[in-house]
Amino acid sequence: MKSYDEFKAFYSEELLQEIEQLESTRGAYLLKSIFAIICTLAIFFVVWILLPPLIRNKSFTWYAPLLCFIFINGLILKWIWRGFRSRFKERIIQKLLHFIDPSLQYHPDRYISEYDFDRSDLFLQSYNRYKGDDLIRGKVGKTDIKCSEICVQDSDGDSTQTIFKGLFTVADFNKDFHGQTLVLPDKAEKFLGRLGKKLQTANPLRHQLIQLESPEFENKFVVYGSDQIEARYILTPSLMQRILEFKKRNKSKLYLSFSRNKLYIAIALTRNLFEPGTRKRIDYLSVCQYFQDLQMAIGVVEDLNLNTRIWTKE
Amino acid sequence: MPGIIVIAVLIGLLLVPVLMYNTLVGKRNQIHNIFGTMDAMLKKRWDLVPNLVSTVTGYADHERGLFEAVTEARAQAQRGQLNEDQRVGLENSFMQLLGVVQATVENYPDLKASDNFMHLQRTLNELEEQISAARRAYNASVTDYNNSVQMFPTNIIAGMFNFKEKTLFQIDAGERENPQIGNIL
C-alpha cells in the first residue's frame, strides 16, 4: 500500500496537470447542461400551456409534467456528462490505480457479476435490479481479487427497496475449506440481548449459529456456518481482530462470506465511488477520497492477511 | 373450557422437562461429536511422525535422541491404553517436542529449504490450525453445555439425570511458550 506522502508527491507530479486539463473542459459541459435544462423547461411549459384547460386544472397536471421534466432532464444531463465522466475515469482513477498497484486492471463500465453476488449467499432477498461499475481485478501478491461498486434493488413499481449498495469484493481465500461461513452485522443481539441470540439460533434461513470467544466480535457480528470447527478454522482470533479493525477503519456495515474457497466482502456505502461531481471541482481533497476508496478496495488483501500462505493451499 | 385449559397446562408441564432433557442430551452429543473430530485430527498429526523423522534424519543425523523421543511418543499414543488426562498430557508433550524439532531445524538451512520439509511444515501448520479450531469449538460446546447444567431450571433436570459438568480443553504453560506458528497468524 502507498503512504500519504507518496500519494502527495504523485498528486503534484502526475495528477495535478491532468486534473487542470480536465477541469478546463468543465465550463463547456456546464453550458451544455444549462442549455439542455432551459430547452426541456421551455418544451414542458409549451406542452402544459397547450393542454386543454379542463385537464390543466386537475391537480395531477401539476406534478406529472414536473416528474417527467426531472426524469428526462436527468437522462439528458447524464448523456451530456458521459464524456467528462469517461475522461475522468481514464485519466484520474486509472492513473491512481496504476500508482497503487500497476498490475491491476480497471474497467470503468464493468462490474461484479450477479452470479458472484448470488454465490456469496450474503443477501437472501429477491431482486430485479442489478447494476454497477468500476471493476478492478488482478492479483495482489498471491491473492486473486476483483471488486466493483454494485447496487442491488427490488422494485415492484410503487416502491424500491435497496438490498445492497456499496463495494463488493471477491478474493481468493488463503485456506482450503468445504462449507460456508457467513459473518453478518449483528442487529438482533445488539437490540434484544439474550432474546436476540435465541432468535438468531432459530433462524431457519441460515446455517447453525457459531458463537465465538471474542465479546467485541460477537457484539458487532453474528456468524452462521455449516460446520462449527471449520468456522473457527477460518475465523482465527487473529482474523477476527483484523475484521474488527477493518470495520472500525471504514465505519461501514460489513458482510463477509467464506464460501467455495473464496472470500466475498460487501461493504455498504451510501456515496457513489469514483464519480466526478458535476458542480464541485476536482481538488486535492476529492482525489484523496478516491485514493482512500481504492486503498480500501485493494487493501482488504493486506488488512485480512490473505497473502500469508503457510497452510497447504499455495 | 376450564377442563381444556387444565389439560393444556398439564401437557405443558410434561413437555417442558422433556424439552430440557433433550436439550441437555443434544449439547452433550455435540461435545462428543466435536471431540471425535478433534481426535481424528490429533491422530492425523501422529501419522506425520514417520515422515517427519525420515525427512529430518537425512540432514540431522546426530539429533537422534530427539527423534527417538518423538517416535516413542507416537508409539505410546498408538498403544491407546491411556486415560483422558494421560492422553491430554501426551498430546501436550508432543506439541512441545514438535516445537523443539522446528527450533532444531533452524540449525540446518539445507533441511529447511528442502521441498520435503517445506511440504511437511505446511501440512503440520494446517493440522495445528485445524486442531486449534477444533479445541475452540470443543470449548465453546462445553461452555454451552456447562451453562445448561448449572443454570436454573435445566440444572434440576441435569441433577436428576446425572448430567455432569465437563472440563475445558486447556493448554498447559509449556505449550503456551512453544515457538509455534501463532506468531505468524
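Residues numbered from 1 in each chain as written. Chains lettered and ligands numbered in written order. Predicted model: local features only at pLDDT ≥ 70, side-chain atom pairs only at ≥ 80, totals over all residues.

Counting secondary structure elements, chain B contains eight helices and zero strands. Taken from N to C terminus, the helices and strands of chain B fall in the order α-α-α-α-α-α-α-α. For 185 residues, the compact-globule estimate of 2.2 N^0.38 gives 16 Å, and chain B exceeds it by more than 25% at 23 Å. With respect to the principal axes defined by its C-alpha atoms, chain B has extents near 85 × 30 × 25 Å. (Helix = DSSP H or I, 4+ residues; strand = E, 2+ residues; numbered from the N terminus. Rg over C-alpha atoms; globule rule 2.2 N^0.38 Å.)

Residues and elements named next belong to chain A. Strand E7 (residues 221-225) sits mainly inside the fold: five of its five residues count as buried. Along E7, one buried face is formed by Phe221, Val223 and Gly225 and the opposite face, lined by Val222 and Tyr224, is buried too. Alignment of strand E5 (residues 180-185) against E7, held across five bridges, turns out to be antiparallel. Paired with Val183 across the bridge in E7 is Val223. Across three bridges, the pairing between strand E6 (residues 208-210) and E7 is antiparallel. Note on E7: the bridge partner recorded for Gln208 is Gly225. (Buried ≥ 20, exposed ≤ 12 C-beta atoms within 10 Å, placed from the backbone. Pairing = 2+ DSSP bridges.)

The subject of this paragraph is the interface of chain A and chain B. Counting residues at the interface gives 12 residues for chain A, matched by 16 residues for chain B. Taken together, the residues that form the side of chain A that touches chain B break down as four nonpolar, six polar and two charged. (Contact = placed C-beta atoms within 7 Å. Nonpolar A, V, L, I, M, F, W, Y, C, P; charged D, E, K, R; others polar.)

For soluble globular proteins, nonpolar side chains are generally found buried alongside one another. In this structure, Leu96, Val223, Leu256, Ala266, Leu294 and Val301 of chain A together with Ala134 of chain B are the most contacted members of the largest nonpolar core, which totals 73 residues. Discounting residues that sit within four places of it in the chain, Leu96 of chain A has contacts with Tyr290, Phe291 and Leu294 of chain A. In this structure, Leu52, Val56, Phe67 and Val70 of chain B belong to the second largest nonpolar core, which totals five residues. (Core = buried A, V, L, I, M, F, W, Y, C linked by C-beta atoms within 7 Å.)

A few words now on the sheet that holds strand E1 (residues 105-107) of chain A. In a beta sheet, neighbouring strands are held together by backbone hydrogen bonds and run either parallel or antiparallel to one another. All names here are of chain A. The nine strands lie next to each other as E1-E2-E3-E4-E9-E8-E5-E7-E6, forming an open sheet whose pairing is antiparallel. Edge positions in the open sheet fall to E1 and E6, since each of these has one partner strand only. Taking each pair of neighbouring strands and ignoring which way they run, the sheet shows an average axis angle of 20°. Where strand E3 (residues 143-155) meets strand E4 (residues 160-172), 11 bridges bridge the pair, whose relative direction is antiparallel. The partner of Ile145 across the bridge, within E4, is Ala171. In this fold helix H11 (residues 284-303) packs onto strand E2 (129-140), E3, E4 and strand E9 (262-268), with an angle of close to 45° to the strand it touches most, E4. (Axes fitted to C-alpha atoms, helices over the stretch in contact; angles between N-to-C directions.)

What follows concerns unusual backbone geometry. Each neighbour pair has its own omega, and for Phe152 of chain B with Pro153 of chain B the value is 5°, a cis peptide bond. For Pro153 of chain B, the position within the fold is in the loop between helix H6 (115-150) and helix H7 (154-160). The phi dihedral of Lys251 of chain A is positive, around 45°, even though this residue is not glycine. Within the secondary structure, Lys251 of chain A sits in the loop between helix H10 (237-250) and strand E8 (254-259). Residue classification places Lys251 of chain A among the exposed residues on the basis of 7 C-beta atoms within 10 Å. One non-glycine residue, Phe274 of chain A, adopts positive backbone phi at about 55°. With respect to the element layout, Phe274 of chain A can be found in the loop between E9 and H11.

Here the focus is the packing of helix H2 (residues 49-57) of chain B against H6 of chain B. Residue and element names in this part refer to chain B. It is the contact of H2 with H6, at a shortest axis distance of 10 Å, that shows an interaxial angle of 150°. In this structure, H2 crosses over H6, and the sense of that crossing is left-handed. Here H2 contributes Asn51, Leu52 and Thr55 to the contact with H6, which in turn contributes Asn116, Phe117 and Leu120. Per-class residue counts for the contact of H2 with H6 are three nonpolar, three polar and no charged. (Left-handed = near helix turned anticlockwise from the far one by under 90°.)

With that out of the way, let us pick up the environment of Leu67 of chain A. Along the chain, the position of Leu67 of chain A falls in helix H4 (residues 60-100). Each C-alpha atom, one on Leu67 of chain A and one on Glu275 of chain A, is 25 Å from the other, the two residues being 208 residues apart in sequence.

It is worth spelling out H10 of chain A at this point. An α-helical segment advances 3.6 residues per turn. Residues three or four places apart therefore align on the same side. Residues and elements named next belong to chain A. Taking 1.5 Å per residue, 14 residues should reach 20 Å; H10 reaches 20 Å between its end C-alpha atoms and fits that length. Buried residues belonging to H10 abut E5, helix H8 (215-220) and E8. At the C-terminal side of H10, Lys251 shows a positive phi close to 45°. (Expected span 1.5 Å × (residues − 1).)

Glancing now at the packing of helix H1 (residues 2-47) of chain B against H6 of chain B. Two numbers describe a pair of packed helices, the interaxial angle and the distance between the axes. All names here are of chain B. Following both chains from N to C, one finds H1 and H6 inclined at 160°, their axes separated by 9 Å at the closest point. By the angle between their directions, the pair H1 and H6 is classed as roughly antiparallel. As for how H1 packs across H6, the hand of that crossing is left-handed. Partitioned by chemical class, the residues of the contact of H1 with H6 number 14 nonpolar, six polar and six charged. (Parallel < 35°, antiparallel > 145°, perpendicular 65-115°, else oblique.)

A few words now on the pairing of E5 of chain A. As defined by bridge partners, E5 of chain A adjoins E8 of chain A across four bridges and the pair is classed as antiparallel. Directly across from Gln180 of chain A, in E8 of chain A, lies its bridge partner Ser259 of chain A.

We now examine the environment of Lys139 of chain A. Residues and elements named next belong to chain A. Mapped onto the elements, Lys139 comes out in strand E2. Take Lys139: there are 13 C-beta atoms within 10 Å of it, and that puts it in the partly exposed class. Residues Lys139 and Ser103, 36 residues apart in the sequence, show an inter-C-alpha distance of 7.1 Å. When residues no more than four places from it in sequence are discounted, the contact partners of Lys139 are Ser103 and Asp144.

Let us look at H11 of chain A. Residues and elements named next belong to chain A. The largest bend in H11 amounts to roughly 40° and is located at Ala297. Buried within H11 we find Tyr290, Phe291, Asp293, Leu294, Met296, Ala297, Ile298, Val300 and Val301. Directly beyond the C-terminal end of H11, a positive phi value near 60° is found at Asn305. (Bend = angle between axes of the 7 residues up to and from the residue.)

Okay, the confidence of the model for chain B next. Residue and element names in this part refer to chain B. Taken residue by residue, chain B gives an average pLDDT of 81. The fraction at 70 or more is 90%. The secondary-structure element of chain B with the lowest mean pLDDT is helix H8 (residues 173-176), recorded at 48, while H7 shows the highest, at 92. The low-confidence segment residues 173-185 (pLDDT under 50) makes 20 contacts with residues lying over four places distant or belonging to another chain. (pLDDT = per-residue confidence, 0-100.)

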